[in-house]
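Spelled out, the chains give:
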Amino acid sequence: MDSDRRKLRRTWITFFGRYGRLLPIQARSVPVVLTGKNAIIISSTASGKTEAVIAPLIERHLKEAWGGMNGITILYISPTKALVNDMHDRLKEQMDELGVSVSLKTGDTPRFNPAKSPDVLITTPESFDSMICRHPGSFKKIKAVILDEIHLIDNTYRGDQLRILLKRLRHLSERDFNVYALSATIASPEEVGSRYLGDFEVITDSDKREIEYTLVESAEELYGCVKRENIRKLLIFCNKRATVEGFSRECMDLWGHSRVVVHHGSLSRSIRGEAESFMKDAQYGVCVATMTLEIGIDIGDIDAIVLAEVPWSISSLLQRIGRGSRRMKRNRVFAMYGSADEQMLLERMFHVAMAGYLEPVDYLHDPSVVVQQVFSSLYASPCGLTDFHLLNLFEGFCPEDELRDILSHLAKSEWIEKWNEKWRATTRLMDLGAKGEIHSNIPSNKVVAVIDISSRQTIGEVQYPVDEIFVLGGRVWRIVRESFERLYVKPAKGGIATAKFKKHTSEGAFSYLLPAYLVKSESKKWYTQDLSDMGQGYDVEGTVEKYSDIHTFRPPHPPKLPRRYVMKVPDQRIQTGFTTFSR
């Protein structure tokens, strides 16, 4: 311990003084970070990964006087706005104590003064994209980049976007910088790390907690088990927001309305914050959530985890159950099944999880990221970029022929042009960039704010189309009137209808601008001929459930619909263009 204190003599009291020792993953990580090596750090939820990197980086910041460099020196990238806010709140007091400035940047906090750049900036990939275009000088002194919860975006269009952004940052930075990736569950850390870090070390926590699980068939059976074991605090995970809303009603009937809260991405930040505070402060409590709470938002100590639906994967199962029983060597878990097949599947999933197995996932790059990053790069470089520059930027990401085909296709669509041997953004593209509509590759449906007409409080958001009676925040609401992007509601006295929530999409929003042979066949059929010819296809799918708290993409120049027209969206189909319309 004395050795650890000497290594962190400037930061020990601030970060570890109340504990008096380093946790296992911290003891393994601190020396690596202090020596300036890149690393991917794999350890269970709430095991101290953040401090394992932040503390030694701040130690270096103070020892090497990074604060005098007039620019951002540590960039912390989180996958969701909720995590950005939570991390900023967690670190602000500690940074102030050490005289290190910290700030956040998301779509909710758009202002940034490059003349007063913080030492530490916490942001999302999409806001990072915007900043590297608009304030490149703020990143020239960068010393370290932290990629939090990397498993959430790796092998998606967001992870691919981040890969290219890190390459752009290396071109921009005046010196080399370290990269640290953090995750609780990764099957192939060497493979994941190679996409973002270059040369790096893999640091893992070998300490594993025992999993004790019980399978139940109903909320009533769950309630009985919880009562018998005197379990005070439960975190219940569902895969979809609609399920959260429905299951929370059952829990309220059993535990009482005052002891049950709801947490998902369609709820406003203030409502989610109330749920988080309740779970931290209450002696007894039940929180029903999507994977918005699967990652590191602090909600205090949880006695047991409930899987109300079969998780998407073994990794997801481990991530969820890792949120409970943090101070114990045992994870107490309940899982619900609705059929014999689900029961068998859960048994198998727990068996392989306890054996330490994580399912590998084949990596496949998303070519829509080429479109998005070409747009972003050219917007940031009005004087143009050469073929050599773009070939170097996308080297190792996509084949050269694919890049040239995409550039040619974008030129034919009049988004970019070649002049004096350089690719340049057209006026059309520059106008789009000025509106901030080139930095996110996340497809989105139209969402509207839901406001309680009595209290004028914003309850959250729902996606059109929505029923007259719907469930949000664990309560049933009836629409009283509508205005531009707002629904005014009042509590409904009876009847429950399922709210329409965002669905899964597997490719980036800019995929509609790819050459036809690069667009997935199941997606191409959803274009209308006129719109695809004009290069104005509009993705009507919502964001992936787990990305619900991040920026959503507003596609370029969507057609304006008459007010009384609505979209007919076929059930259970992935779409990337307009469907037909009817009155």
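A short tour of the structure in this document, coming up. Because the structure is a prediction, the values reported are computed rather than measured.

Points about helix α4 (residues 49-63)
Relative to the 21 Å expected for 15 residues at 1.5 Å per residue, α4 spans 22 Å between its end C-alpha atoms, a close match to the ideal helical length. Summarising burial for α4: 13 of the 15 residues are buried, a large majority. Remark: A65 follows α4 within two positions and exhibits a positive phi of approximately 55 degrees.

Some points on the sheet that holds strand β3 (residues 102-105)
Read across the open sheet, the 7 strands follow the order β3-β4-β2-β5-β6-β1-β7; overall the sheet is parallel. The two strands at the open ends of the sheet, each matched to only one other strand, are β3 and β7 (201-204). Each adjacent strand pair in this sheet contributes to an overall mean axis angle of 15 degrees, direction not counted. Note that β3 and strand β4 (residues 120-123) share 4 bridges and pair parallel. Pairing of V102 across the sheet is with V120, part of β4. Where helix α5 (residues 81-98) meets the sheet, it contacts β2 (74-77), β3 and β4, and its direction lies at approximately 170 degrees from that of β3. On top of the sheet, helix α7 (residues 157-172) reaches β2, β5 (144-147) and β6 (178-183); it is set at about 175 degrees to β5, its chief contact.

Some thoughts on the packing of helix α12 (residues 314-321) against helix α13 (residues 340-354)
At a closest axis distance of 10 Å, the pairing of α12 and α13 adopts a crossing angle of 75 degrees. Here α12 lies roughly perpendicular to α13, going by the angle between them. Residues I314, L317 and L318 of α12 form the contact with α13, whose own contacting residues are M349, F350, V352 and A353. Per-class residue counts for the contact of α12 with α13 are 7 nonpolar, no polar and no charged.

Points about the nonpolar core
Counting 93 residues, the largest nonpolar core has V145, L147, F375, F394 and I416 as its most contacted members. It is helix α14 (residues 368-380) that provides the largest number of residues to this core, a total of 7 residues. Setting aside its immediate chain neighbours within four residues, V145 contacts L75, I77, L166, L169, F177, N178, V179 and Y180. Grouped together as the second largest cluster of nonpolar side chains are 35 residues, I58, V120, I122 and I146 included.

Some details on the environment of E149
Along the chain, E149 turns up in the loop between β5 and α7. Exposure remark for E149: the relative accessible area of 7% places this residue in the buried category. Sequence separation of E149 and A184 is 35 residues, and the distance between their C-alpha atoms is 7.3 Å.

Let's talk about the packing of aromatic side chains
By the definition in use, this model includes 8 aromatic pairs. Geometrically, the ring pair formed by W12 and F16 is tilted, given 5.5 Å between the ring centres and 50 degrees between the ring planes. A residue pair is termed a helical-turn pair when its members lie 3 or 4 positions apart in one helix, as W12 and F16 do in helix α2 (residues 12-16) at 4 residues. The same class applies to W12 and to F16, which are both buried. Taking 5.0 Å as the distance between ring centres and 85 degrees as the angle between the ring planes, the aromatic pair formed by Y223 and W255 counts as edge-to-face. Taken together, the positions of Y223 in helix α9 (residues 219-228) and W255 in helix α10 (residues 241-255) put the pair 32 residues apart, joining distant regions of the chain. Members of the aromatic cluster, connected to one another through ring pairs, are W12, F15 and F16. Sitting over the ring of W415, R428 keeps its end group 3.7 Å from the ring centre.

How each quantity is defined
Residues numbered from 1 in each chain as written. Predicted model: local features only at pLDDT ≥ 70, side-chain atom pairs only at ≥ 80, totals over all residues. Heavy atoms only, no water. Helix = DSSP H or I, 4+ residues; strand = E, 2+ residues; numbered from the N terminus. Expected span 1.5 Å × (residues − 1). Buried < 20%, exposed > 50% of the residue type's maximum accessible area, 1.4 Å probe, protein only. Pairing = 2+ DSSP bridges. Axes fitted to C-alpha atoms, helices over the stretch in contact; angles between N-to-C directions. Contact = heavy atoms within 4.5 Å. Parallel < 35°, antiparallel > 145°, perpendicular 65-115°, else oblique. Nonpolar A, V, L, I, M, F, W, Y, C, P; charged D, E, K, R; others polar. Core = buried A, V, L, I, M, F, W, Y, C linked by side-chain atoms within 4.5 Å. Phe/Tyr/Trp six-rings, centres within 6.5 Å; stacked < 30°, edge-to-face > 60°. Lys NZ or Arg CZ within 6 Å of the ring centre and 35° of its normal.

Limitation: the analysis is restricted to geometry and does not speak to function.
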